[in-house]
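Commentary on secondary and tertiary structure
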Amino acid sequence: MSIPHSESTAASEDSHEKPLRVVIIGGGIGGLALAQLLRGDDKFQVTLYERGELEGGQSQLAGFRIMVALEMLTALRDRLPKDVLPLLEESIGVQPSSGQSLCMFNEKGKITMKYTTPDFRAARSVSRWKLRKALLVGSESFVKFGKEFESYKSTTNGVTVIFKDGERVECDLLVGADGAGSKVRKQLLPKASRSDTKVTVIYFKMPLTPETECMMPYGSGCLIMAPRRSMIVSSWKNPKKHYGPDDLKKIDGDESFLMCGLGCYTNEFVNQTKHPDDMTPEELKDECLARTQHWHPLFRSLIAKTIPESVFVSHIKTQDRISPWKSSNVTLLGDAAHSTASMTPYLGKGATSALFDALQLANILKSDSNPPLSAKLARYEGNMLKQGFSVADKSMSVHKLVFNMGKNRMMAKCRDRFLSSLDVVVGEKEPKGKPFPGK
Ligand SMILES: Cc1cc2nc3c(=O)[nH]c(=O)nc-3n(C[C@H](O)[C@H](O)[C@H](O)COP(=O)(O)OP(=O)(O)OC[C@H]3O[C@@H](n4cnc5c(N)ncnc54)[C@H](O)[C@@H]3O)c2cc1C
């Protein structure tokens, strides 16, 4: 991924003109980053509308860890307003001495492959909760919470944005940063379809203490693949306070944590008495323990340490490929355009993709070249779709490795053998980080 460079922002011919009125829908990572990148530039008048409230609620400060490419952090440090930077630094977890790593296991605890690309090794584990908090610094002047977007109408002067409460707002540019279920996308591209993988992932946090840190099966990230089931394990370590209390009742957003995500076809849950969305956090934890009964005891002891109240359930739907559309004055960003990268849990790349889009769109809008807005958007959208779907494809290939190539016991065995042979050729020879306990 080549991070967009900032283009010249010298005063343009139209610098005396009225600022461009930009409305952003969605205060997730992507929307907030775009608003912050445009903040303070008097060529823009930015307002961001978020349906959730500032405090509380799953759409707010929730989240686990996201993997952010090093170049992306450098670009953000260069271009975000200075008052955002202290909290941005605090969101970046302690980097393991040998960098990030990824190791694959079968459910019995046998390593099938340990291979980490240089980019992934250099990436940083960032707390989504803290990153979002950083991006909210100074946002009182441009964010309106509790405002749900409903639809828009193109007019001769721009766009009229219509909210659920009936309010209408005029703007020159509407940006849909409203996540995977984007209503802006549904209106802009009514034929853009999404596919249901029929897989549900249950995420939990676990306390990070010196003891639980030793339970990390290998390095900083593990992918455990069983037939038709998977589990990921990773962590975020607060640079200011490395360890938290060993409390299974609650965890604060600030605390360091281990996390796991257990994937399985939704109709193959052990607990068939109700839909996952209707299960209590404790029932979801029991489900994870029940489906891993014959797994290696270390994986099960990790599940036993999960904090029920931290649960987050994700039904994996992926965005089918979108072709560039005729650009005008409505555009998309992040998961609203290409949600596969984030919805499959393996690479944690959704936020990097959304940040990439925000940087690119801000650069193009700020550039002093003066083509019509639609031409600038066409340039942005072409790159955004190419880049976003390329990351999405990588994420999807891991999903296929887990579920398509692990359809039954026999296929899973073949997959594991294949990975083990590949490991002989490309796998890391020296164990990085902690070796698997007992091996
Ligand atoms: C609660 C949550 C937790 C996550 N945790 C992780 C994680 O741990 N690791 C990881 O890799 N990825 C995680 N992700 C995904 C990751 O944050 C995104 O893939 C990535 O940041 C892309 O961001 P985005 O801004 O495009 O979309 P999102 O982060 O999904 O943000 C979209 C925002 O739009 C708002 N919105 C939606 N519809 C409307 C509407 N009609 N009107 C107004 N506002 C609306 C939503 O409330 C949300 O705040 C999480 C996403 C969410 C929502």
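These numbers were taken from a predicted model, which means no experiment stands behind them.

**Observations regarding the overall build of the protein chain**
Each helix and strand counted, the protein chain has 13 helices and 17 strands in total. Per-residue burial for the protein chain yields a buried fraction of 46% across its 439 residues. Intrachain contacts of the protein chain at a sequence separation of at least 6 include 77% that bridge at least 24 residues.

**Things to note about the nonpolar core**
Judged by nonpolar contacts, the single largest core of 61 residues is most densely connected at V22, I24, L34, L174, L333, L355 and A358. No other element matches helix α11 (residues 350-366), which puts 10 residues into this core.

**Observations concerning the sheet that holds strand β15 (residues 257-265)**
Spatially, seven strands are ordered β5-β4-β13-β14-β15-β12-β16 in an open sheet, and the strand pairing comes out mixed. Every interior strand has two partners, whereas the edge strands, β5 (111-114) and β16 (312-319), have only one. Pairwise comparison of adjacent strand axes, ignoring direction, gives a mean angle of 20 degrees for this sheet. Alignment of strand β4 (residues 103-106) against strand β13 (residues 222-226), held across four bridges, turns out to be parallel. Within β13, the position partnered with C103 by the bridge is C222. Along the sheet, helix α13 (residues 409-426) makes contact with β4, β5 and β13, crossing β5 at roughly 45 degrees.

**What to know about the environment of V94**
Within the fold, V94 resides in the loop between α3 (85-91) and β4. By C-beta crowding, V94 is classed as partly exposed, having 15 other C-beta atoms within 10 Å. Every residue in contact with V94, bar those within four places of it in the chain, is listed here: K237, P239 and H242.

**Overview of the pairing of β5**
Bridging between β4 and β5 involves three bridges; their strand directions are antiparallel. Each bridged residue has a counterpart across the sheet, and for M104 the counterpart in β5 is M113.

**Describing helix α8 (residues 281-291)**
Within the sequence span of α8, burial applies to L284, K285, E287, C288 and R291. Around the axis of α8, the buried residues are gathered within 155 degrees of arc, so they sit on the same side. The outward face of α8, more than 90 degrees from its buried face, is lined by the exposed residues E282 and A290.

**Considerations on the sheet that holds strand β2 (residues 44-50)**
Ordered by their spatial adjacency, five strands build an open sheet running β7-β2-β1-β11-β17, and the pairing between neighbours is parallel. The open sheet is flanked by β7 (143-145) and β17 (330-332), the only strands paired with a single partner. With strand direction ignored, the average angle separating the axes of adjacent strands in the sheet is 20 degrees. Pairing of strand β11 (residues 173-176) with β17 involves three bridges; the strand directions are parallel. Paired with V175 across the two strands is T331, which belongs to β17. With respect to the sheet, helix α1 (residues 29-38) is in contact with β1 (20-25), β2 and β11, its orientation differing from that of β2 by roughly 160 degrees.

**A closer look at the environment of D172**
Mapping D172 onto the fold places it in the loop between β10 (168-171) and β11. Residue classification places D172 among the partly exposed positions, given that 17 C-beta atoms sit within 10 Å. For the pair D172 and P19, spaced 153 residues apart in sequence, the C-alpha to C-alpha distance is 9.4 Å.

**Points about the confidence of the model for the protein chain**
Confidence along the protein chain averages 89 in pLDDT terms, with 90% of residues attaining 70 or more. Considering only residues more than four positions removed or in separate chains, one finds that residues 9-15, a stretch of pLDDT under 50, has eight contacts. Predicted confidence for residues 435-439 stays below pLDDT 50, and this span has five contacts to residues more than four positions away or in other chains.

**Things to note about the pairing of β4**
Residues of β4 alternate between two faces, with C103 and F105 on one and M104 and N106 on the opposite face, all of them buried. As consecutive antiparallel partners, β4 and β5 are separated by four residues, and within that stretch G109 has a phi angle of approximately 100 degrees, a positive value.

**Concerning the packing of α1 against helix α5 (residues 128-135)**
Taken N-terminus to C-terminus, the directions of α1 and α5 make an angle of 30 degrees; their axes are 9 Å apart at the nearest point. If you check the angle between α1 and α5, you find them roughly parallel. Handedness of the crossing formed by α1 with α5: left-handed. Taking contact as the criterion, the partners of I29, L32, A33 and Q36 in α1 are, on α5, R128, L131, R132 and L135. Among the residues forming the contact of α1 with α5, the class breakdown is five nonpolar, one polar and two charged.

**Observations concerning the environment of R300**
Examined against the element boundaries, R300 turns out to sit in helix α9 (residues 297-304). For R300, a count of 14 C-beta atoms within 10 Å puts it in the partly exposed group. As a C-alpha pair, R300 and A290 span 10 residues in sequence and 9.6 Å in three-dimensional space.

**Here we look at unusual backbone geometry**
For residues other than glycine, phi is negative in most cases, and the peptide bonds are mostly trans. Residue K198 is not a glycine yet carries a positive backbone phi of 65 degrees. By secondary structure assignment, the location of K198 is in strand β12 (residues 194-207). Classification of K198 as partly exposed rests on a count of 13 C-beta atoms within 10 Å. A positive phi angle, close to 60 degrees, is found at R228, a residue other than glycine. Here R228 lies in the loop between β13 and β14 (229-236). By the C-beta count within 10 Å, which is 19 here, R228 ends up partly exposed.

**Description of the packing of α11 against helix α12 (residues 373-402)**
Packing of α11 against α12 leaves a shortest axis separation of 10 Å and a crossing angle of 165 degrees. One element, α11, and the other, α12, form an angle in the roughly antiparallel class. For α11 against α12, the interelement crossing comes out right-handed. For the pair α11 and α12, contact is made by S353, F356, D357, Q360, L361, I364 and L365 and by K376, R379, Y380, N383, M384, Q387, G388 and V391, respectively.

Definitions and limits used
- Residues numbered from 1 in each chain as written.
- Predicted model: local features only at pLDDT ≥ 70, side-chain atom pairs only at ≥ 80, totals over all residues.
- Helix = DSSP H or I, 4+ residues; strand = E, 2+ residues; numbered from the N terminus.
- Buried ≥ 20, exposed ≤ 12 C-beta atoms within 10 Å, placed from the backbone.
- Contact = placed C-beta atoms within 7 Å.
- Core = buried A, V, L, I, M, F, W, Y, C linked by C-beta atoms within 7 Å.
- Pairing = 2+ DSSP bridges.
- Axes fitted to C-alpha atoms, helices over the stretch in contact; angles between N-to-C directions.
- Arc of directions from axis to C-beta.
- pLDDT = per-residue confidence, 0-100.
- Parallel < 35°, antiparallel > 145°, perpendicular 65-115°, else oblique.
- Left-handed = near helix turned anticlockwise from the far one by under 90°.
- Nonpolar A, V, L, I, M, F, W, Y, C, P; charged D, E, K, R; others polar.

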